[in-house]
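Listed here are the chains, written in short residue letters.
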Amino acid sequence: MDSYSIWATHASYLNDASEFYHGLSFAKQITNGIFEEDDYRAAFGWAVRHALEAVSVNDLYVVSFSEKPDLLSQWRGYCPQGAGLCLGFGADQLRSFCLERGYRLEKCIYEHQEQIQQVEALVKQCFINFQSHH
């Protein structure tokens, strides 16, 4: 191996491709009905729903990292019997690498309440941006 590259997997071919669709459906569920209070909020709600409907898996590629080095569950789940390799990356260097190239480095959130909080915070930030443009 001399390419010094990390290969990303198309989201449609993940071990569990339903994770992408679950996240999208979850966001739609949380945003449905939030902005029905008045015409202005309804316009924002429509814009959010329209944007979520436009999200596509077509241009989404994924690379997964673990915060814990040499984790036994990772070896068991993703490596064929002893044929794996553990590579370490500095978190700050990885963040810089992604930022410089326009990639997103996001933590996978498994806890349901935290998922809700993240989506609500994102919607709130979008509403602030929407207000400043309209």
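Our structure is the block above this text.
About the criteria used
Residues numbered from 1 in each chain as written. Predicted model: local features only at pLDDT ≥ 70, side-chain atom pairs only at ≥ 80, totals over all residues. Heavy atoms only, no water. Helix = DSSP H or I, 4+ residues; strand = E, 2+ residues; numbered from the N terminus. Buried < 20%, exposed > 50% of the residue type's maximum accessible area, 1.4 Å probe, protein only. Expected span 1.5 Å × (residues − 1). Arc of directions from axis to C-beta. Phe/Tyr/Trp six-rings, centres within 6.5 Å; stacked < 30°, edge-to-face > 60°.

Novice: Explain unusual backbone geometry here, please?
Specialist: Peptide bonds are trans in most cases, and residues, glycine excluded, mostly fall at negative phi. For aspartate 70, which is not glycine, the phi dihedral falls at a positive 55 degrees. Mapped onto the fold, aspartate 70 is located in the loop between strand S2 (61-62) and helix H3 (72-78). Taking relative accessible area as the criterion, aspartate 70 reaches 55% and is therefore assigned exposed.

Novice: What exactly am I supposed to notice about helix H1 (residues 18-31) here?
Specialist: The α-helix winds at 3.6 residues per turn, so residues separated by three or four positions along the chain end up facing the same way. Taking 1.5 Å of rise per residue, the 14 residues of H1 would be expected to cover 20 Å, and the 20 Å separating its terminal C-alpha atoms lies within 8% of that figure. Among the residues of H1, Phe20, Leu24, Phe26, Ala27, Ile30 and Thr31 are the ones counted as buried. When H1 is viewed along its axis, its buried side chains cluster within an angular range of 155 degrees and face the same direction.

Novice: Would you mind going over the packing of aromatic side chains with me for this structure?
Specialist: Pairs of aromatic rings are described using the distance from one ring centre to the other and the angle between the two planes. Going through the model one piece at a time under the given rule, you end up with four aromatic pairs. Aromatic pair phenylalanine 20 and tyrosine 21: ring centres 5.0 Å apart, planes at 80 degrees, arrangement edge-to-face. Classification of phenylalanine 20 by relative accessible area gives buried; the value is 16%. Among the residues examined, tyrosine 21 registers a relative accessible area of 44% and is labelled partly exposed. Taking the centre distance of 5.7 Å and the plane angle of 80 degrees together, the rings of phenylalanine 65 and phenylalanine 89 count as edge-to-face. Placement of phenylalanine 65 in the loop between S2 and H3 and of phenylalanine 89 in the loop between H3 and helix H4 (91-101) is noted, with a sequence separation of 24 residues between them. The exposure class assigned to phenylalanine 65 is partly exposed, which follows from its relative accessible area of 40%.

Read these as spatial facts, not as claims about activity.
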